[in-house]
Amino acid sequence: MTLHSTIPLLAQGMKSAAANGATLLTAWTGIPDPLLAGLLARESFDTVTLDMQHGAQDIASVTLGIGMVSAAGKPTIVRIPVGQFPIASRVLDLGASAVIAPMINSKADAEAFASFVKFPPMGDRSWGPAVTMSMLPGMTGPDYLKSGNGMHLSLAMIETREALAALDDILAVPGIDAVFVGPSDLSIALTRGAEVDPTRKDVADALAHVAARAKAHGKLATCFAPRPEDVPHLAKAGYSLMAISTDFMQLRAGARASLTAAGRAS
Ligand code: 3PY
Ligand code: MG
């Protein structure tokens, strides 16, 4: 039986989505149960993101979650906690296809993040991909050293005023493949702490601006969509990967719908 690797599917899918005005959709899980990641992977999402920043995912749940998502034929993305770039190398060694790093506010932040995602000469990722190599049947070490940097993507989060001001510098870092807009933090930043509302007009304007600058740099634009219904127009604007709600939100909405159907006010 031939085994097919899910790891390269994300980079391939996002590049082809960007070329065709299409978009990939990612599930988003903070509940650290690999079964849940596997269940979501079997819905029509293209990939599953495991969230170590605001979710309860840890290195053990991420390791098992990647396995369950891969068993469903899908690639996995991991969001790491703020500034914890060494975790990026670890999750790539364990089979993640991409890493999202929150709060990348400067060229220096972007370079530090990229250095843990990319092998030399582009970065300083240390060698140790035993689990990943086991998920890439037939690939030799020298092949992986050559192809790993293109196979695994670095997604730098743009979610502050500083990041918007440094956007071109961040996009120009060779080891940064994509920017990922966090519209909730961005709304807080743009209102100087007065509001959290990812659907604000100034956030929508920033989303349009980021997509245009990413395109100008030949890089990918990705985001957490402010609302699922924003997906079609954001795809047209150039967003090739979007998150559309979280496991926490989906679980609570499903529970409320069942309770309401049973006549219980929530
Ligand atoms: C934000 O909207 O700030 C995010 O980080 C999305 O996950
Ligand atoms: Mg955020």
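The structure we're discussing is the one just above.
Residues numbered from 1 in each chain as written. Chains lettered and ligands numbered in written order. Predicted model: local features only at pLDDT ≥ 70, side-chain atom pairs only at ≥ 80, totals over all residues. Heavy atoms only, no water.

Okay, the overall build of the protein next. Summing up its helical and strand segments, the protein has 13 helices and eight strands in all. At 18 Å, the protein has a C-alpha radius of gyration in line with the 18 Å of a compact globule built from 266 residues. Dimensions along the principal axes, computed over C-alpha positions, put the protein at roughly 60 × 45 × 35 Å. Relative to all contacts within the protein whose residues are 6 or more apart in sequence, the contacts with residues 24 or more apart total 62%. (Helix = DSSP H or I, 4+ residues; strand = E, 2+ residues; numbered from the N terminus. Rg over C-alpha atoms; globule rule 2.2 N^0.38 Å. Contact = heavy atoms within 4.5 Å.)

The next subject is the site of ligand 1. The full set of residues close to ligand 1 is Trp28, Arg79, Met157, Glu159, Gly182, Pro183, Ser184, Asp185 and Phe224. With respect to ligand 1, the side chain of Arg79 contributes an N or O atom lying 2.9 Å from an oxygen atom. The backbone of Pro183 places a nitrogen or oxygen atom 3.1 Å from an oxygen atom of ligand 1. Looking at which element gives the most residues to the shell around ligand 1, the answer is helix α10 (residues 183–190), with three residues. Along the lines of polarity and charge, the residues of the shell around ligand 1 split into four nonpolar, two polar and three charged. (Near = heavy atom within 4 Å. Polar contact = N/O pair within 3.5 Å; in protein donor to acceptor, adjacent residues only side chain to side chain. Nonpolar A, V, L, I, M, F, W, Y, C, P; charged D, E, K, R; others polar.)

This part is about the pairing of strand β1 (residues 24–29). A large share of β1 lies buried, amounting to five of its six residues. Where β1 lies against strand β8 (residues 239–243), three bridges are found, and the strand directions are parallel. Counterpart to Leu25 in the pairing with β8 is Met242. The pairing of β1 with strand β2 (residues 47–51) spans four bridges and is parallel. Following the sheet pairing, Ala27 is matched in β2 by Val48. Viewed along the sheet, the connection from β1 through helix α2 (residues 34–41) into β2 turns out right-handed. (Buried < 20%, exposed > 50% of the residue type's maximum accessible area, 1.4 Å probe, protein only. Pairing = 2+ DSSP bridges. Right-handed = clockwise from strand over helix to strand, strands pointing away.)

Our next topic: the coordination of the magnesium ion (ligand 2). Here the magnesium ion (ligand 2) is held by Glu159 (OE) and Asp185 (OD), and the distances to it run 2.1 Å. Here Glu159, found in the loop between β5 (153–158) and α8 (161–165), pairs with Asp185, found in helix α10; they are 26 residues apart in sequence, far enough to count as distant. Assessed through its relative accessible area of 2%, Glu159 is described here as buried. (Donors = N, O, S within 2.8 Å, 3.2 Å for Na, K, Ca; no water.)

With respect to the element layout, Leu136 can be found in the loop between α6 (130–134) and α7 (141–151). Judged by relative accessible area, Leu136 falls into the buried class, the value being 5%. When the C-alpha atoms of Leu136 and Thr6 are compared, they prove to be 8.4 Å apart, with 130 residues separating the residues in sequence. Those residues within four positions of Leu136 in sequence are excluded, and the remaining contacts are Ser5, Ile7, Pro8, Tyr144 and Met151.

Right, let's get into the sheet that holds β8. Two orientations exist for strands paired in a sheet by backbone hydrogen bonds: parallel and antiparallel. Overall, parallel pairing links the eight strands, which are arranged β1-β2-β3-β4-β5-β6-β7-β8 in a closed barrel. Pairs of neighbouring strands in the sheet enclose a mean axial angle of 25°, with direction left out of account. Examined bridge by bridge, strand β4 (residues 98–101) and β5 share four bridges and lie parallel to one another. Each residue of the ladder has a partner; that of Val99, found in β5, is Ser154. (Axes fitted to C-alpha atoms, helices over the stretch in contact; angles between N-to-C directions.)

Right, let's talk about the nonpolar core for a bit. In terms of nonpolar packing, the biggest core is built from 62 residues, with Val91, Ile104, Phe113, Ile170, Val179, Tyr239 and Met242 touching the most fellow members. For this core, the leading source of residues is helix α11 (residues 201–216), giving six residues. Every residue in contact with Met242, bar those within four places of it in the chain, is listed here: Thr23, Leu24, Leu25, Thr26, Cys223, Ala225, Val231, Leu234 and Ala235. Judged by nonpolar contacts, the second largest core, of 18 residues, contains Leu10, Trp28, Met157 and Ala243. (Core = buried A, V, L, I, M, F, W, Y, C linked by side-chain atoms within 4.5 Å.)

Let us look at helix α5 (residues 107–117). The complete set of buried residues in α5 reads Ala110, Phe113, Ala114, Ser115 and Val117. Among the structural elements, α4 (86–93), β4, α7, β5 and α9 (167–171) are those in contact with the buried residues of α5.

As a further point, take the packing of aromatic side chains. Under the defined criterion, the tally for this structure stands at six aromatic pairs. Ring geometry for Phe119 versus Trp127: centroids 5.4 Å apart, planes at 40°, classification tilted. An aromatic cluster of at least three residues, connected via ring pairs, comprises Trp28, Phe180 and Phe224. (Phe/Tyr/Trp six-rings, centres within 6.5 Å; stacked < 30°, edge-to-face > 60°.)

You can see Ile100 is positioned in strand β4. The spatial distance from the C-alpha of Ile100 to the C-alpha of Val78 is 6.2 Å, given a sequence separation of 22 residues. Beyond its immediate chain neighbours, meaning those up to four positions away, Ile100 contacts Trp28, Thr49, Ile77, Val78, Arg79, Ile80, Leu155, Met157 and Phe180.

Geometry only, nothing functional implied.
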